[in-house]
Amino acid sequence: MSKTTDTKQLFQTFTFKNGIETKNRIAMAPMTTWASNDDYTISDDEIKHYQARSGNVGLVITGCTRVMANGIGFNNEYASYDDSFLPSLKKLANAAKKGGSPAILQIYHAGNKAVLDLIPDGIPVSASPVALAPSMFYAGGTVSRELTHDEILEMIKAFGETTHRAIKAGFDGIELHGAHGFLLQNFFSPYYNKRTDYWGGSAEKRMNFAVEVIKEIQNVIEKYADRPFMIGFRISPEEPESYRVKDTFPLIDKLIDCGIDYLHISLADLLSQKPTDNENEDATILNLILNYVNQRVPVIAAGGIKQYNDAIEALKTGLSLVAVGHGLIINPNWVELASNEEKADEALSLSKADELAVPKKLQEFIQVATGFFQVTD
C-alpha cells in the first residue's frame, strides 16, 4: 500500500552532525532484558532478541551496561567493566548492527539504585550518604556510601575505558544513562547530592561529574576511534524528590556546550505527560524541552509509543527520532507494520514469546511484573 505523507516522514533518513545516518526516524529504545549469562556475558537469547529487532529500525540503543562491577542495577545485566567482556560486547554489536543500522551502547553506573545482593557489603555508592526514597520499584531506605574525590576520578576513568571497549567492539557510539535515578542523576540531584566540594554545593557544581565524564569520553574517542563515534545523554526531566523540568534547562545547556551528539528524553508518555508543577497549562514536558533546545542538538524521546500513528505524532512535535520500546518487544516486526500503516499488537502473548525472540529470563520477569506489560495467553 502507498504511504501517506505523514508516514513517509517517519521513514525519512536522519543525519547526525558527525555524518552518521539513520535509514528512518525510529530508534530501538534501550531496554533491560534481565537475560545475561550468569557470568554477565551476552546470552544467546539476548543475541536473538537484538537480531530479531534490529533489521528495520533506524538506530539501535542497547540496554544499559555498567562501567564498574558495583554499578549493577538489574539482575542478569550484561557487563562491560573489564576487558574480559570485550568478546561479549562484540557479539552484541554484531547483533545490533545486523540490519545495517548504527548501534549505540548505553553505559551507566546504577549509583544508589544498585542491586544490594550483588555489590560489596550490600552498600551502594553515590554522591552523598542519603537514604534512597521509596518508589514504585524500590523499597527505599538504604543509605549509600559517599564516593571520595579519588573514587570519583576512578569512576570517570571507568566511563572512558568502557567507551574504549565500545569502540573496539564495533559500536557507533555510547549513550550516557543519566536518567532513572542512577549515578549521573544522583550527582545532578539537589536531593541526593549534598557535597560541598568540586562535585556539589551549587547547581553548577552538581553538573561537574557529567561534564568530566563527557570530557573523558571525548578524549578516548579522539585517541582511539577511527570512525565517527557519537555521545548521547539520556535524562529524566523531573525527579520526584527534587527538581522539575525548568531545573534541567541549565544541564541541557551544559550538555550542548560540551558537544553531545544527541539528547535523549525518558518519559512515561511522551505525547501527553505534563510537568508536575503544571505551571504551563497545556504544554507537555516534551514541548517545553523541545522549545528550549530550539534545534541546537538532535532530540530523541521514548515513552508510550505503541502504534505508528503515535510515532508520527511524536515526530510532529519536533523530535529528530522517536524511540520505541515495549512495542518492539511485543512486535519484532513493528517497523514493517508501521511502514504498511498496520496496527501492532499491544499485548504480549506469552505462548508466542519464544517465536518472538523474547528472552526466557525476560519472559519470567514479565510474568511477575505488575502493570509493566499487558500479557495474554
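Residues numbered from 1 in each chain as written. Predicted model: local features only at pLDDT ≥ 70, side-chain atom pairs only at ≥ 80, totals over all residues. Heavy atoms only, no water.

Looking up the protein chain in an unreviewed UniProt entry gives the name NADH-dependent flavin oxidoreductase, with the organism given as Flavobacterium calami.

A.B. asks: I tried to follow helix α6 (residues 208-224) on my own but got confused; where do I start?
C.D. replies: Think of an α-helix as 3.6 residues a turn; residues three or four steps apart then line up on the same face. For α6, which comprises 17 residues, the first-to-last C-alpha distance of 24 Å matches the rise-based estimate of 24 Å (1.5 Å per residue) to within 8%. Those residues of α6 that fall on the buried side of the exposure criterion are Asn208, Phe209, Ala210, Val211, Glu212, Val213, Ile214, Ile217, Val220 and Ile221. Along its buried surface, α6 packs onto β6 (103-108), α4 (149-169), β9 (173-178), α5 (183-188), β10 (230-235) and α7 (245-258). (Helix = DSSP H or I, 4+ residues; strand = E, 2+ residues; numbered from the N terminus. Expected span 1.5 Å × (residues − 1). Buried < 20%, exposed > 50% of the residue type's maximum accessible area, 1.4 Å probe, protein only. Contact = heavy atoms within 4.5 Å.)

A.B. asks: Honestly, the nonpolar core in this entry has me stumped. Any pointers?
C.D. replies: When a protein is soluble and globular, its nonpolar side chains tend to lie buried together. Counting 111 residues, the largest nonpolar core has Phe159, Phe171, Leu176, Phe209, Leu263 and Trp334 as the members making the most contacts within it. The contacts of Phe159, once residues within four sequence positions are left out, are Val67, Ile107, Tyr108, His109, Leu176, Leu184, Phe209, Val213 and Ile217. Formed by 14 residues, the second largest nonpolar core is a distinct cluster that contains Ala27, Ala29, Ile104 and Ala323. (Core = buried A, V, L, I, M, F, W, Y, C linked by side-chain atoms within 4.5 Å.)

A.B. asks: When you look at the environment of Tyr243 in this model, what are you seeing that I'm missing?
C.D. replies: Mapping Tyr243 onto the fold places it in the loop between β10 and α7. On the accessibility criterion, Tyr243 (4% relative accessible area) is buried. For the pair Tyr243 and Ser189, spaced 54 residues apart in the sequence, the C-alpha separation amounts to 7.0 Å. A distance of 2.8 Å separates a polar side-chain atom of Tyr243 from the backbone oxygen of Ser236. (Polar contact = N/O pair within 3.5 Å; in protein donor to acceptor, adjacent residues only side chain to side chain.)

A.B. asks: Got a minute to help me understand the packing of helix α3 (residues 86-96) against α4 in this structure?
C.D. replies: Two packed helices can be described by the angle between their axes and the distance between those axes. For the pair α3 and α4, the least separation of the axes is 8 Å and the interaxial angle reads 55°. By the angle between their directions, the pair α3 and α4 is classed as oblique. Where α3 crosses over α4, the handedness of that crossing is right-handed. For the pair formed by α3 and α4, the contact residues are Leu86, Leu89, Lys90 and Ala93 on the first element and Arg165, Lys168 and Ala169 on the second. Considered class by class, the residues forming the contact of α3 with α4 number four nonpolar, no polar and three charged. (Axes fitted to C-alpha atoms, helices over the stretch in contact; angles between N-to-C directions. Parallel < 35°, antiparallel > 145°, perpendicular 65-115°, else oblique. Left-handed = near helix turned anticlockwise from the far one by under 90°. Nonpolar A, V, L, I, M, F, W, Y, C, P; charged D, E, K, R; others polar.)

A.B. asks: What's the story with the packing of aromatic side chains in this structure? I'm lost.
C.D. replies: The geometry of an aromatic ring pair is captured by two quantities: the separation of the ring centres and the angle between the planes. Under the counting rule described, the total for this entry stands at 14 aromatic pairs. When the ring of Phe159 is compared with that of Phe209, the centres are 6.4 Å apart and the planes differ by 75°; the resulting orientation is edge-to-face. Of this pair, Phe159 sits in helix α4 while Phe209 is found in helix α6, placing the two residues 50 residues apart along the sequence. Assessed through its relative accessible area of 0%, Phe159 is described here as buried. An angle of 25° between the planes, with centres 4.4 Å apart, marks the rings of Phe187 and Phe209 as stacked. Of this pair, Phe187 sits in helix α5 while Phe209 sits in helix α6, and the two are 22 residues apart along the sequence. Accessibility assignment for this pair places Phe187 and Phe209 in one class, buried. Ring pairs connect the aromatic residues Trp34, Phe74, Tyr108, Phe182 and Phe365, which therefore count as one cluster. Cation over ring: Arg66 sits above Tyr40, and NZ or CZ is 4.4 Å from the ring centre. (Phe/Tyr/Trp six-rings, centres within 6.5 Å; stacked < 30°, edge-to-face > 60°. Lys NZ or Arg CZ within 6 Å of the ring centre and 35° of its normal.)

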